[in-house]
Every structure is written in C-alpha cells, then in structure tokens.
Amino acid sequence: MDLQSRVGPASVVTIAAARRRPAAEAAPDLPAWLEPEDPTLAVTALYHEHALSLIRAAHIMLGNRAAAEDVVHDAFCGLYRRWGHLADKGKALSYVRSSVVNGCRTALRRSRLQDRITTYQPSAVSAEAAALSREERREVVRALRRLPERQREVLVLRYYLDLTDEQVASDLGITPGMIRSTRHRALASLERLLTEAP
C-alpha cells in the first residue's frame, strides 16, 4: 500500500514536503523523515500512523465507537496545542496514549453519572399526595418531640443521620447495647404516639 492511499492526496503534499527536510532531530515515535519541530506535520503523521489503533483501544474501553473517536481526536488536538511544551518530542505518542486513557476514564465517569441521572426519575406525585406526605412528616416530628431526650437523640442519629449503632454509642457516650434497647423503646413509644394521634 503506497503512502497516498494510506493518508489521502491532500496529506501527501504536506508529507512529501516534510520528507525533503533534514531529519537530524527526528524523534523515535515519529517517522525518520519528519522534522519534530513542525507541529502540523508531526501531529498529522502521528495521527495517520496511530489513530486507528488508538480508536480501537478506546472503543474497547468505552464500548462506543463515536465516543472512542471523540476521545482520540481530543487527544491529538491536545498534542497539537501542547507540542511546543513537550520536553521530549520522541515521547509524543506516549503523551497521546496517556491522553486517550485519561479521556476514556473521563468519558466513563460522565456516562455513569448520566446513567444515574437518567435512571432516577422521581415519581409524579399529585399535589394531594404531597400535602398528605408533608402532614405525615409533621405528625412524626411532633411525636418525636414528645419522646424523652435520649430516645429522641438515638432515633435522630440512627435514622436521620444514618449512623451505625456503634457511631451513635460513641457520640452519646454509652454502649451499643444501650443504644439498641433505647432505640427499641423509642420506636415502640413513637408507634404508640402516632396511633393515638387524631
């Protein structure tokens, strides 16, 4: 397969011009005929040489061809922008590979977050149901306030703050067994107060 069929006719002119330049400082990841100081030629050559394999790798990581292409293209754009800041132009391919891996991680994080957002759909509650729910919460809070202080503290720490018995015991300075028995008595009292409420 000749160069023109691999990279296309427009790139052949650019690459052919680069071949005529001296390759005194050619980097190991770059073709020997390419001058690494010209970012356009260097990144184009790296892209044509390695983009397909990087897209395949990203596709395996992401499971989505379009997202894989986006990640690889972003990595090469980043390489082009940072070309002048690379300490070792010979490690340009390593830079792109790292960028692709990091881009895949970011894309996976975003997709997981998007999945969580789209899977959570709050139920469509009517105004009446919402009002009843608020009223029920008010009744529970009123009944909770009528409990003895220790019982109220145990219930709030255990169920509102979702602490374990050990954490509640540590916070209140009593044993976990005492927390369990206090919680049992508090729940029984709370149930009694709620059933007595008109």
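Refer to the structure printed above.
What comes next is a walk through the structure. (Residues numbered from 1 in each chain as written. Predicted model: local features only at pLDDT ≥ 70, side-chain atom pairs only at ≥ 80, totals over all residues. Heavy atoms only, no water.)

1. As for the nonpolar core
By size, the foremost hydrophobic cluster in this structure holds 21 residues, and its most contacted members are V72, F76, L79, W83, V96 and V100. Secondary-structure elements contributing two or more residues to this core are α3 (39-62), α4 (65-82) and α5 (92-119). Considering each element in turn, this core owes the most residues, 8 residues, to α3. One finds A143, L147, A186 and L190 within the second-largest nonpolar core, a separate group that totals 7 residues. (Core = buried A, V, L, I, M, F, W, Y, C linked by side-chain atoms within 4.5 Å. Buried < 20%, exposed > 50% of the residue type's maximum accessible area, 1.4 Å probe, protein only. Helix = DSSP H or I, 4+ residues; strand = E, 2+ residues; numbered from the N terminus.)

2. Details of helix α8 (residues 165-172)
When α8 is considered as a whole, its buried residues turn out to be D165, V168 and A169. Angularly, the buried residues of α8 cover 100° about the axis, an arc narrow enough to put them on a single face. Residues of α8 that are exposed and point more than 90 degrees away from the buried face comprise S170 and D171. Its buried side turned inward, α8 meets α7 (149-160) and α9 (176-196). Immediately downstream of α8, the backbone of G173 shows phi near 75°, a positive value. (Arc of directions from axis to C-beta. Contact = heavy atoms within 4.5 Å.)

Without other data, these values stay purely geometric and don't point to any function.
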